[in-house]
Structures are given as C-alpha cells and as structure tokens.
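Okay, here's what each chain looks like letter by letter:
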Amino acid sequence: MPSQPAFQVRKSGSQNSIATGSAVTITFDTEVFDQNGDFASNNTFTAPVTGKYQFNVQIRIQALDEFAGYYQMKIETSNRTYIFTLDPNGFDEDLDYYSIAFSTLADMDSSDTAYLTFTQSGGTSQTDIDTESYFTGHLVA
C-alpha cells in the first residue's frame, strides 16, 4: 500500500578505504524487503506520501583510525540532516571495528528523499564500511 512504505537494506560487500575530508554516500545493494518499492539506486529512499518516517541506521566500521579528527554518520533528508559524530581521539589505538547506531523520526513531504553519508575528517584513508550494516525506514504517521 502506498500509505504504508517500509524498507530494510543491507550491504553485500564492504565499502573500502573511505576517502577522508568529504561525505561519501553509503550504498546498499541488498533489499531485505522494500514494501511499496520506494528504495532505489542502492542508496535513496523516496517518500511516497507526506508524513513522519522512522529511520534506523547501524553501520559497522572497520579499521577506525585513532588519528582522525572525527567521524560523522548522517541521515540526509530533503528537509534536514541528522548527525551522529564520533571523536576517536580518546582511543589509544586504531580499532578493528566499531558500530555506529542511531535513529530519528523525520518529517518528510511526498517525493522527499533520504540517504546516508559517512565522513572521516583527517587521518589515514583506511576505514571500511562492513557488510554488517543496515538502513531501515517506515512511515509512522
């Protein structure tokens, strides 16, 4: 039903050596489900109707660089950007893996879009986004 969109997408392969200093769009090439077919092009959800949408993100990053200035995970929508920031300077060594998870309730108009970006500021371009990552969303109200 167009009034009840819901999706869950995952990665089948890692996104390796994320570039530093710019936002990289996270791609998802495996749809677990896409009720209503609103998730497309491996990265973008398009709202079929105006409403409030719940988005949930879990990204597993590997080879987290302790010398990066920060990492930011963003849910970017047509109306706003929702940001999770991690400062790795408190770690005493590079981490083999680290999971970032957060959620938001976003207001969206019909045809608005939502997608994820990941930014590493400074440090070495060594961080990977692992296959144990997912993006989900559904219309709440």
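Residues numbered from 1 in each chain as written. Predicted model: local features only at pLDDT ≥ 70, side-chain atom pairs only at ≥ 80, totals over all residues. Heavy atoms only, no water.

### Here we look at the side chain of Thr117
At step 1: Of note, Thr117 is situated in strand E10 (residues 113-121).
At step 2: A polar side-chain atom of Thr117 sits 2.8 Å from a polar atom in the side chain of Glu76.
At step 3: Non-local contacts of Thr117, meaning those with residues more than four positions away in its chain, are made with Ala23, Val24, Thr25, Ile26, Gln72, Met73, Lys74 and Glu76. (Helix = DSSP H or I, 4+ residues; strand = E, 2+ residues; numbered from the N terminus. Polar contact = N/O pair within 3.5 Å; in protein donor to acceptor, adjacent residues only side chain to side chain. Contact = heavy atoms within 4.5 Å.)

### Here we look at the packing of aromatic side chains
At step 1: Per the stated rule, a full pass over the model turns up 13 aromatic pairs.
At step 2: Grouping aromatic residues by their ring pairs yields a cluster made of Phe7, Phe28, Phe39, Phe45, Tyr53, Phe55 and Phe135.
At step 3: Sitting over the face of the ring of Phe28, Lys11 holds its NZ or CZ atom 5.7 Å from the ring centroid.
At step 4: Taking the ring centre of Tyr97 as reference, the NZ or CZ of Arg60 above it sits at 4.5 Å. (Phe/Tyr/Trp six-rings, centres within 6.5 Å; stacked < 30°, edge-to-face > 60°. Lys NZ or Arg CZ within 6 Å of the ring centre and 35° of its normal.)

### A word on the pairing of strand E6 (residues 51-64)
At step 1: Where E6 lies against strand E9 (residues 95-108), 13 bridges are found, and the strand directions are antiparallel. Within E9, the position partnered with Asn56 by the bridge is Ser103.
At step 2: Strand direction decides the pairing type here: E6 and strand E12 (residues 134-139), joined by 6 bridges, are antiparallel. Looking at E12, one finds that Gln54 is bridged to His138.
At step 3: Relative to strand E11 (residues 128-129), E6 runs antiparallel, the two sharing 2 bridges. Residue pairing for E11: Ile61 is matched across the bridge by Ile129. (Pairing = 2+ DSSP bridges.)

### Considering the environment of Tyr97
At step 1: Turning to its location among the elements, Tyr97 is positioned in strand E9.
At step 2: Sequence separation between Tyr97 and Arg80 is 17 residues, and the spatial gap between their C-alpha atoms is 29 Å.
At step 3: Not counting residues within four places of it along the chain, the set of residues in contact with Tyr97 comprises Arg60, Ile61 and Gln62.

### A word on a negative patch on the surface
At step 1: A cluster of acidic residues, Asp92, Glu93, Asp94 and Asp96, forms a negative patch on the protein surface.
At step 2: On the basis of relative accessible area, Glu93 is assigned to the partly exposed category, the value being 48%. (Patch = residues over 30% accessible without salt bridge, like charges linked within 9 Å, V, L, I, M, F, W, Y side chains within 5 Å. Areas by Shrake-Rupley, 256 points an atom, 1.4 Å probe, with all protein chains shown as cover. Salt bridge = Lys/Arg side-chain N within 4 Å of Asp/Glu carboxyl O. Lys, Arg positive; Asp, Glu negative; His and termini not counted. Charge placed at Lys NZ, Arg CZ, Asp CG, Glu CD. Buried < 20%, exposed > 50% of the residue type's maximum accessible area, 1.4 Å probe, protein only.)

### Brief notes about unusual backbone geometry
At step 1: Positive phi, normally seen in glycine, also occurs at Asn36, with a value near 95°.
At step 2: Position of Asn36 relative to the elements: it lies in the loop between strand E3 (30-35) and strand E4 (39-40).
At step 3: Positive phi is not limited to glycine here, since Ala63 has a value of about 60°.

### A look at the nonpolar core
Side chains of nonpolar character tend, in soluble globular proteins, to be buried together.
At step 1: The biggest cluster of nonpolar side chains holds 32 residues, and the ones touching the most others in it are Phe55, Ile59, Met73, Leu116, Phe118 and Phe135.
At step 2: Looking at this core, the elements with two or more residues in it are strand E1 (6-10), E6, strand E7 (70-77), strand E8 (81-86), E9, E10 and E12.
At step 3: It is E6 that contributes the most residues to this core, 6 residues altogether.
At step 4: Those residues in contact with Leu116, other than ones at most four positions away along the chain, are Val24, Thr25, Ile26, Phe28, Val57, Ile59, Met73, Lys74, Ile75 and Phe135. (Core = buried A, V, L, I, M, F, W, Y, C linked by side-chain atoms within 4.5 Å.)

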